[in-house]
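Each chain is listed here by its residues.
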Amino acid sequence: MRSPAVRMFRSLEGLFCVYKPGGVHWKLVRDTIETNLLKGVNATSAQPLPHEVRFLSNPNNKPEAAGGLALRAAAVPVLSKHPLVTGPEFQHIKVGVGHLLDASSSGVLVLAVGNGNRTLNDLYRTRTTREYTLECEFGTATHDFSQMGRVVERSTYDHITLDKMDRVISMMEGANQKALRMYSSVDMSSQEAYELAVKGLLGPDGKSVPILTGLRCIHFQPPNFTLEVQCLNETQKYLRKVVHEMGLELRSTAVCKGVRRTRDGPFTLQDALTRHHWTAADVMQAIQQYRSKKRSKKGSRTLTDKAVLQTSEETLTVSQENEADKETAIAEVQCS
Amino acid sequence: DLDADDECSALEEISDEEAVGISIPPSIPPASNSLQDYVDKSETLTKLVQLGVCLWKLERRPNVGSMLLRLDFSKDVAPWLLFLKEIGVEDSRLGYIISHNPFILSENLDNLQARVNYLKSKKFSSETVASMVSRAPYLLNFSVKRLDNRLGFYQQQLKLSASNTRNIVARLPKLLCGSLESVKENLKVCEIELGFKANEIQHIVIAVPKVLTANKKKLTQIFDFLHNTMKVPNYLITKFPQVLNTKFLRLRERHQFLEYLGKAQYDPNLPSYISLDRLVSLPDENELKVKQHVKKKSQPLRRHLPTTHRGLSVVNMASRAPVATGRLMLGFRKWYYNLCGFNKLGLLYEDTLYEDADVKEALRRLPENVSNDRTFRIKRALDLSMKQQILPKDQWTKYEEEVNYLTPYLKEVIRERKEREEWMKK
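Residues numbered from 1 in each chain as written. Chains lettered and ligands numbered in written order. Predicted model: local features only at pLDDT ≥ 70, side-chain atom pairs only at ≥ 80, totals over all residues. Heavy atoms only, no water.

A. Molecular detail of the overall build of chain A. The secondary structure content of chain A amounts to 10 helices and 12 strands. Across the 336 residues that make up chain A, the buried fraction comes to 45%. Excluding contacts between residues fewer than 6 apart, the proportion of contacts in chain A whose partners are at least 24 apart in sequence is 72%. For chain A, the accessible area works out to roughly 17700 Å², and carbon and sulfur atoms hold 55% of it. (Helix = DSSP H or I, 4+ residues; strand = E, 2+ residues; numbered from the N terminus. Buried < 20%, exposed > 50% of the residue type's maximum accessible area, 1.4 Å probe, protein only. Contact = heavy atoms within 4.5 Å. Areas by Shrake-Rupley, 256 points an atom, 1.4 Å probe, with all protein chains shown as cover.)

Now the structure itself:
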C-alpha cells in the first residue's frame, strides 16, 4: 500500500530539461529543483495515523471489578508514526544533471529524477550532439575569450565581409570533418566505414577532442555576429576559443558575448522549463511529455528497424538501451 | 541449562491473577538516536507533539533530545507555556517557538519576566512584545543588559529617534538577536562601497530594516547592477529602497525585458518613466501572455526575457517632454546651407572638408561604396567648376539629404590620436 507521496514520486521519475539562466551555477539550479520537488512530494495529504490497542489506567476510582483489574483497553494513535516525530517522508531526492553548462552560459540543461538517472547515464554514453547559439563581437580579444575578461588586444574589423567569413567557416568545418573521421575508431578504407558514413554515424565513440559537426553564421552585422554550432564532446570554454580563433583567421579579433545551448540530444528549447515553472507540478507535466514522446518514438522505431540494413554497428547498439538508438537517429538527422 | 525451559511454556494456560502479576519490562531502549522510540511512553513528548513541536528537527540538535526527555510536563513545561500565553503569544505559535528555541524552557521564569518588563518600560506595547516574541523565538533568552546594548546601538549608530528604533525593531525583531558585527559590516558597506550618505542610510533602514541583516555579497551584486547597468543614481535608490530587497535574477530579467521593449527609463524627469517600486513589486501574472508575445517577436530572445508585460501597464507619463529646441533654428540652418553654395554643385558638407592628416586617415577607412560615391561627387563638382556651371535646381543637394558619413570615422581617428599622444606623454 503505497502512500500518496510515494505514488507522486514514482510519477516524477524520468528526464526533463530546464532553461538555466546565465550567471547562475548549475548546482544552484539542481538544488532549487530538488527543494521544489521535495516540497511538492511532501505536501501530499498525510496518511491517518495507525492505531494501537493499549491498556490505560482507569481514570475514575470505581470499585474494582472482580480480579482487581484497574486497566481499560483503548485504541490510541501511535505517535511515533506522526509526521512531526518522523519528519517528512522524503528528505532527499536524487536529481542528476546531464551535460554541464558553466556559470556564464545559459540554455537547455537536462535533469533526471530517481530512476531516470540510469537513462541519463546511457544518454551520456551514447553519441548525441548539442546545438549552441554564440553571440559574438569583433574588435576585442580577452584573456578568457569572453566579454568579462581582461582585454588583451583591440583591432579594426571594417575589412571583414560576409564572404570572407564564409570562407573561414568552411575551412573550419573541413578541419572538423577531418577530425571526425580521424577519431572514429574504424579503418577509413573499409566497407564498414562507408556504411557508417552513409548513415551519418561516423564519429568518435566516447571521449575525444571537441568536434564541431556543424558551423553556420546566422546573423552578420559587424561588429556583432551570431554563430550556430553543433558539436560533440565540447565545453563552453572551447566554443569561446573557437570564436577567438575565427577572429584571428579573419585578421582581426573576436570575443564571445554569450553562449546559449538550444538543444541537448532530443531536448530542445521548446521543452525547457523556465525559472517560474520549476515546481513539482510543472516538472511532472514535463516528464509525462517525455514519457509519451518516448512511447511514440518506440512505436515508430520498430517499423523503421526492419527497413534498415543490419550492420556491425547495429548489432553493437542492440545491446544498449532503446534511448541510445533514438539519440543516434536524432544525431544523424542533425548532422546531415 | 535447558531443564529450566520445561517449567514454563508460552502455551500454558494461567489464571487472571497470575497474568496481572507478570511484570513487563519497559520496552523503551536505554539509548537511542531518535525520539520516536520514546514518544508514546513519555507524557512530555506526547503533549509537545500535540502542541505542534517539530521533534524530528529538534532531535538532530546535540543534547536537545535528552533535555526534552528529562523534563516533566507539569513542572517544567506548563508554567513556561502559561507565561508565554500571558504575554499574549497565540496558542498556534507556542509550537513554533519551542521548535526553534527549546532552551527557553531552561531559562528562569523570573528572568523572562524581567526582560518582558524591560521591553515594556522602553514603551513597547504588549501586542508588539507578543508579536516580537512569536517571530524571534530566541529574543527572551538574552539578558536585559544585552537587549539594552542592542537598542542603544541602533539608536546611536543610525541616529534614529526612539519611536523609529521601536518601529524597526518591532518589524524585524531578529535585529536584537543576532551579532552586531555583521550589522556593523553592513553599515560600513553601505557607507563606503555603495556610497550612501548618513541620512540616506537612515531613510533606507527605516523603510527596509532587512538591509541591516542582508547578505553583503547579494547586496553589492544588486547595487552594482542597479547603479552600473541600469544607471540608476543613488538618490533614486534611496527613494525606493525596496529594490535592495528583491531577488537579483528577478530584477535582471525585468530590466532586460524593458530594454528589449525600449522602455528602460528610470529617470523621473524624462518621459515614459518607470518607477522602481512598481518594477520590483508587481507580480508575474501576465507572464504567459507575454511569453507568447515575445515568442512571436524573435526566437533567440524569447528565452532571454520570460517576464511580465509591465512595460505598457506601468509606463508613467511624467512631466511634459522637453521643448524641441531645434525647430526654431531649423529655418535659419536651411537658409545658411543654401547660402554656402556647395549643394549647388551636388556636394555634401563632408566632401568639402580640408584634408589634414586626420581626415586623410578617416577617408582611408571609409567603406568602398561610400568612398566611390564621394569620388564621383568631387569629380562632378570639379568638372562643373571648370565649366563655370552649376547643377539644375532639382539636382541640388537638399538639407534633409545631408549625411555625415565621415564623422564617425573621423571621431575614431581623432580619439586614437589623442590616446596615442597620451600614451607617448607617459
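B. Highlighting helix H5 (residues 162-183) of chain A. Residues and elements named next belong to chain A. Between its first and last C-alpha atoms H5 spans 31 Å; for 22 residues at 1.5 Å apiece the expected length is 32 Å, and the two agree. Taken residue by residue, H5 has Met165, Val168, Ile169, Met172, Asn176, Ala179 and Leu180 as its buried positions. An end-on view of H5 places all buried positions within 120 degrees of arc, on one side of the element. Of the exposed residues in H5, the ones pointing more than 90 degrees away from its buried face are Arg167, Lys178 and Met182. (Expected span 1.5 Å × (residues − 1). Arc of directions from axis to C-beta.)

C. Seen up close, the packing of aromatic side chains. All chains considered together, the criterion is met by 12 aromatic pairs over all chains. With a centroid separation of 5.4 Å and 70 degrees between ring planes, the pair formed by Phe153 of chain B and Tyr154 of chain B is classed as edge-to-face. On the accessibility criterion, Phe153 of chain B (10% relative accessible area) is buried. Aromatic pair Tyr337 of chain B and Phe342 of chain B: ring centres 5.4 Å apart, planes at 85 degrees, arrangement edge-to-face. Of the residues examined, Phe342 of chain B reaches a relative accessible area of 13% and is grouped as buried. Each residue in the set Phe138, Tyr157, Phe220 and Phe225 of chain A is aromatic and connected to the rest through ring pairs, giving one cluster. When the ring centre of Phe142 of chain B is taken as origin, the NZ or CZ atom of Arg150 of chain B, which lies over that ring, is 6.0 Å away. (Phe/Tyr/Trp six-rings, centres within 6.5 Å; stacked < 30°, edge-to-face > 60°. Lys NZ or Arg CZ within 6 Å of the ring centre and 35° of its normal.)

D. Structural detail: the state of the cysteines. Residue and element names in this part refer to chain A. Taken as a whole, this structure holds 0 disulfides over all chains when the rule is applied. The thiol of Cys217 is not disulfide-bonded; the next cysteine sulfur, from Cys136, is found 8.4 Å away. No disulfide involves Cys256; its nearest neighbouring cysteine sulfur is the one of Cys136, lying 4.7 Å away. Cys256 gets classed as buried once you look at its relative accessible area, which sits at 1%. (Disulfide = S-S within 2.5 Å.)

E. Region of interest: the side chain of Ser105 of chain A. Residues and elements named next belong to chain A. The topology assignment puts Ser105 in the loop between strand S4 (95-97) and strand S5 (106-113). With a relative accessible area of 0%, Ser105 lands in the buried category. Engagement of the side chain of Ser105 in a polar contact is seen with the side chain of Asp102, the distance being 2.2 Å. Ignoring sequence-local partners within four residues, the contact set of Ser105 consists of Lys20, Pro21, Gly22, Gln236, Arg240 and Val259. (Polar contact = N/O pair within 3.5 Å; in protein donor to acceptor, adjacent residues only side chain to side chain.)

F. Quick look at a nonpolar patch on the surface. All names here are of chain B. A cluster of nonpolar side chains, contributed by Met329, Phe332, Trp335, Tyr336 and Leu339, occupies part of the molecular surface with about 590 Å² of accessible area. Assignment of secondary structure puts Leu339 in helix H21 (residues 326-340). Relative accessible area serves as the criterion here: at 54%, Leu339 is assigned to the exposed category. (Patch = residues over 30% accessible without salt bridge, like charges linked within 9 Å, V, L, I, M, F, W, Y side chains within 5 Å. Salt bridge = Lys/Arg side-chain N within 4 Å of Asp/Glu carboxyl O.)

G. Representation of helix H12 (residues 180-193) of chain B within the structure. Residue and element names in this part refer to chain B. Its 14 residues place the ends of H12 19 Å apart at the C-alpha level, agreeing with the 20 Å of an ideal helix rising 1.5 Å per residue. Within the span of H12, buried status applies to Leu180, Val183, Asn186, Leu187, Val189 and Cys190. Of the surrounding secondary structure, the elements contacted by the buried residues of H12 are helix H10 (144-157), helix H13 (198-207) and helix H14 (216-229). Directly after H12, the chain includes Gly195, whose backbone phi takes a positive value near 80 degrees.

H. Region of interest: the interface of chain A and chain B. Contacts between the two partners involve 28 residues from chain A, matched on the other side by 28 residues from chain B. Surface buried jointly by chain A and chain B totals about 2400 Å² across both partners, of which 54% is contributed by carbon and sulfur atoms. At the junction of chain A and chain B, the tally comes to 1 salt bridge. For Arg275 of chain A, the salt bridge goes to Glu253 of chain B, with nearest N and O atoms at 3.4 Å. Across the contact surface, chain A and chain B share 8 residue pairs in polar contact (both at pLDDT 80 or more). Per-element tally for the side of chain A that touches chain B: the top contributor is helix H3 (residues 83-86) of chain A, with 4 residues. (Buried area = accessible area lost by both parts, 1.4 Å probe.)

I. Representation of the confidence of the model for chain A in the model. Here chain A averages 82 in pLDDT, while 86% of its residues score no lower than 70. Within chain A, the lowest mean pLDDT, 41, falls on helix H9 (residues 312-318) of chain A, and the highest, 93, falls on strand S6 (residues 130-138) of chain A. (pLDDT = per-residue confidence, 0-100.)

J. Molecular detail of the layout of surface pockets. Volume-wise, the second largest pocket comes out at about 1100 Å³. Lining the second largest pocket are 34 residues; nearest its centre among them are Leu28 of chain A together with Lys218, Lys247, Phe248 and Leu249 of chain B. Per-element tally for the lining of the second largest pocket: the top contributor is H14 of chain B, with 5 residues. Taken together, the residues that form the lining of the second largest pocket break down as 13 nonpolar, 12 polar and 9 charged. (1 Å grid on protein atoms, 1.4 Å probe; cavity = no way out; pocket = protein on both sides within 12 Å on 5 of 7 lines; lining within 4 Å. Points joined across faces, edges and corners; volume = space filled by probe spheres on them. Nonpolar A, V, L, I, M, F, W, Y, C, P; charged D, E, K, R; others polar.)

K. Broad picture of the pattern of salt bridges. All names here are of chain B. Counted under the stated rule, the structure contains 30 salt bridges over all chains. Where Glu416 meets Arg365, a salt bridge forms, and the shortest distance between an N and an O atom there is 2.8 Å. Linking Glu416 in helix H24 (residues 407-425) with Arg365 in the loop between helix H22 (357-364) and helix H23 (368-386), this pair joins segments that are 51 residues apart in sequence. Judged by relative accessible area, Arg365 falls into the buried class, the value being 18%. A salt bridge links Asp383 to Lys387; the shortest N-O distance between them is 3.0 Å. Its relative accessible area of 43% is what places Lys387 among the partly exposed residues.

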